[in-house]
Amino acid sequence: MWYPFSLFLDIVFPRRCLSCHKAGEYWCRLCQGLVVAAPRQCALCHVFTAIGQLCERCCRRHGFDTLWVTTEYHHGAIQQIIHALKFNFVSELAMPLGELLERSLPPLVGEWHIVPIPLAKKRQRWRGFNQAELIARVVADRRGWPLSTHFLIKPRQKKRQVGLTRAERLKNSQGLFVASLAAANRQIIIVDDVVTTGATLTAAVSALRAAGATRVVGLVVAHHFQKHSA
Ligand SMILES: [Zn+2]
Ligand SMILES: [Zn+2]
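Quantities reported herein were computed from a predicted structural model and do not represent experimental measurements.

Asks: Could you give an account of the nonpolar core, with specific residues and numbers?
Replies: By size, the foremost hydrophobic cluster in this structure holds 65 residues, and its most contacted members are Ile135, Ile188, Ile190, Val191, Ala204 and Leu208. Those elements that provide at least two residues to this core are β1 (66-72), α4 (78-87), α5 (94-104), β2 (113-116), α7 (131-143), β5 (187-195), α9 (199-210) and β6 (215-223).

Asks: Just give me the short version of unusual backbone geometry, but keep the residues and values in it.
Replies: In this model, histidine 21 sits at a positive phi of 70°, which is unusual for a non-glycine residue. Unlike most non-glycine residues, phenylalanine 89 shows phi in positive territory, near 60°. Inspection of the secondary structure puts phenylalanine 89 in the loop between α4 and α5.

Asks: Mind laying out α9, listing which residues take part and the relevant values?
Replies: End to end, α9 covers 17 Å across 12 residues, agreeing with the expected 16 Å (1.5 Å per residue, within 8%). The element α9 is extensively covered by neighbouring structure, given that 9 of its 12 residues are classed as buried. Along α9, the residues classified as buried are Ala199, Thr200, Leu201, Thr202, Ala203, Ala204, Val205, Ala207 and Leu208. Count one or two residues on from α9 and you reach glycine 212, which has phi positive near 100°.

Asks: So what's going on with the packing of α5 against α7? Which residues, and what values?
Replies: In the contact formed by α5 and α7, the axes pass within 8 Å of each other and the chain directions differ by 55°. Relative to α7, α5 is oriented oblique. The hand of the α5/α7 crossing is right-handed. On the side of α5, the interface is formed by Ala94, Met95, Leu97, Gly98, Glu99, Leu101 and Glu102, while α7 contributes Gln131, Leu134, Ile135, Arg137, Val138, Val139, Arg142 and Arg143. Class assignment for the residues of the contact of α5 with α7 results in 8 nonpolar, 2 polar and 5 charged.

Asks: I'd like to hear about the environment of histidine 224, residue by residue, with values.
Replies: With respect to the helices, strands and loops of the structure, histidine 224 is situated in the segment after β6. Aside from chain neighbours lying at most four places away, what touches histidine 224 is Tyr73, Val194, Val195 and Thr196.

Asks: Account for the sheet that holds β2, with residues named and values stated.
Replies: A sheet is described by the order of its strands in space; here 4 strands give the open sequence β1-β6-β5-β2, paired in parallel fashion. Edge strands, defined here as strands with exactly one partner in the open sheet, are β1 and β2. Averaged over neighbouring strand pairs, the angle between their axes works out to 20° when direction is ignored. Two strands pair when backbone bridges link them, and β1 and β6 are joined in this way by 6 bridges, in the parallel orientation. The partner of threonine 66 across the bridge, within β6, is valine 217. In the packing of α7 onto the sheet, contacts are made with β2, β5 and β6, and the angle to β5 comes to roughly 130°.

Asks: How would you explain the environment of alanine 211 if you had to name every residue and give the values?
Replies: Checked against the element boundaries, alanine 211 lands in the loop between α9 and β6. Residue classification places alanine 211 among the buried positions, given that 20 C-beta atoms sit within 10 Å. C-alpha separation for the pair alanine 211 and valine 178, spaced 33 residues apart in sequence, amounts to 8.7 Å. Setting aside its immediate chain neighbours within four residues, alanine 211 contacts Ala179, Ser180, Leu181, Ala183 and Ala184.

Asks: Got a sec to walk through the environment of valine 216? Specific residues and values, please.
Replies: When you line up the elements, valine 216 lands in strand β6. Valine 216 has contacts with Gly63, Phe64, Asp65, Ile188, Ile190, Val205, Leu208 and Arg209, leaving out every residue within four places of it along the chain.

Asks: An account of α5 is requested, with residue identities and associated values reported.
Replies: The complete set of buried residues in α5 reads Ala94, Pro96, Leu97, Gly98, Leu100 and Leu101. Contact partners of the buried residues in α5: α2 (29-32), β1, α4, α7 and β6.

Asks: Give a description of the pairing of β5 that names residues and reports values.
Replies: For β5, a buried count of 8 out of 9 residues is recorded, marking the element as mostly surrounded by other parts of the structure. When β2 meets β5, the two strands line up parallel, connected through 4 bridges. Looking at β5, one finds that isoleucine 114 is bridged to isoleucine 189. Strand direction decides the pairing type here: β5 and β6, joined by 8 bridges, are parallel. Residue pairing across strands places valine 195 opposite histidine 223, the latter belonging to β6. Handedness of the crossover joining β5 and β6 through α9: right-handed.

The rules we used
- Numbering of residues begins from 1 in every chain and follows the order in which that chain's sequence is written.
- Working convention: letters from A go to chains and numbers from 1 go to ligands, in the order in which they are written.
- Totals for whole chains, interfaces and linings use all residues, but because this is a predicted model, local features are given only for residues with pLDDT of at least 70 and pairs of side-chain atoms are given and counted only at 80 or more.
- Nonpolar core, as used here: buried Ala, Val, Leu, Ile, Met, Phe, Trp, Tyr and Cys residues forming one set through C-beta atoms within 7 Å.
- The burial criterion counts other C-beta atoms lying within 10 Å of a residue's C-beta, which is placed from the backbone; the residue is buried at 20 or more, exposed at 12 or fewer, and partly exposed between these limits.
- Each helix corresponds to a stretch of at least 4 residues labelled H or I by DSSP, and each strand to a stretch of at least 2 residues labelled E; elements are numbered beginning at the N terminus.
- Here a helix's expected span is defined as the number of its residues, less one, multiplied by 1.5 Å.
- To obtain an axis, a line is fitted to C-alpha atoms, over the contacting stretch when the element is a helix, and the angle between two such axes runs from 0 to 180 degrees between their N-to-C directions.
- An angle below 35 degrees is read as roughly parallel, one above 145 as roughly antiparallel, one from 65 to 115 as roughly perpendicular, and any other as oblique.
- Crossing chirality is assigned from the near helix's rotation relative to the far helix, an anticlockwise turn below a right angle marking it left-handed and a clockwise turn marking it right-handed.
- The contact rule is simple: place each C-beta atom from the backbone, and if two of them lie within 7 Å, those residues are in contact.
- Any residue that is not Ala, Val, Leu, Ile, Met, Phe, Trp, Tyr, Cys, Pro, Asp, Glu, Lys or Arg is counted as polar, Gly included; the first ten are nonpolar and the last four charged.
- Pairing between strands is defined by DSSP: at least two bridges between them are needed.
- When the strands point away from the viewer, a crossover counts as right-handed if the route from the first strand across the helix to the second turns clockwise.

Note that all results are geometric; they support no functional claim without further evidence.
Here you go:
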């Protein structure tokens, strides 16, 4: 099953670096090494912070312990890489993205549960995988922590977030996720590919907090800055 699909991909989507177009891999090692760190700014309100973490005000307001963002969506080839993973189904790109994410995560004490942002069941069936889960698995494997996909579920398809203002998104995202009581007294790292307004992550944090999670950290590949999102 896998092999013919892979062959099919090679034909319709030739194996070339999406950034420098060199043949061989979808994202060559050289281009992976050129990823620029996200600016030292709070990903939600954009004030400058010491090491690029979430500012204290946003942590309090949204219930995060912190939020780590690796890079900027429009830096280099990141946008193409994430797009190819998500919409062209090039699942092998989850490995370099996950490695990149894990490298940007500082050392943490104790056991942390890695929880990807879930997709609605219908969407996951259509796509065949959840891109956040593929990336999260790489982080979990490299740190030796559990991948706890059952901690967070997306019960039903709500109105799509695309095209909504920040206020509309926040309103629309309330009650987006339900967390399992298995999350009680756990330290959790929520993983996603892109953060724009933070509404999805905030909804996930609030569900996990309600279930009794002690610490909740966000870990995201790319910050998609939109002028009208602040
Ligand atoms: Zn390249
Ligand atoms: Zn902030």
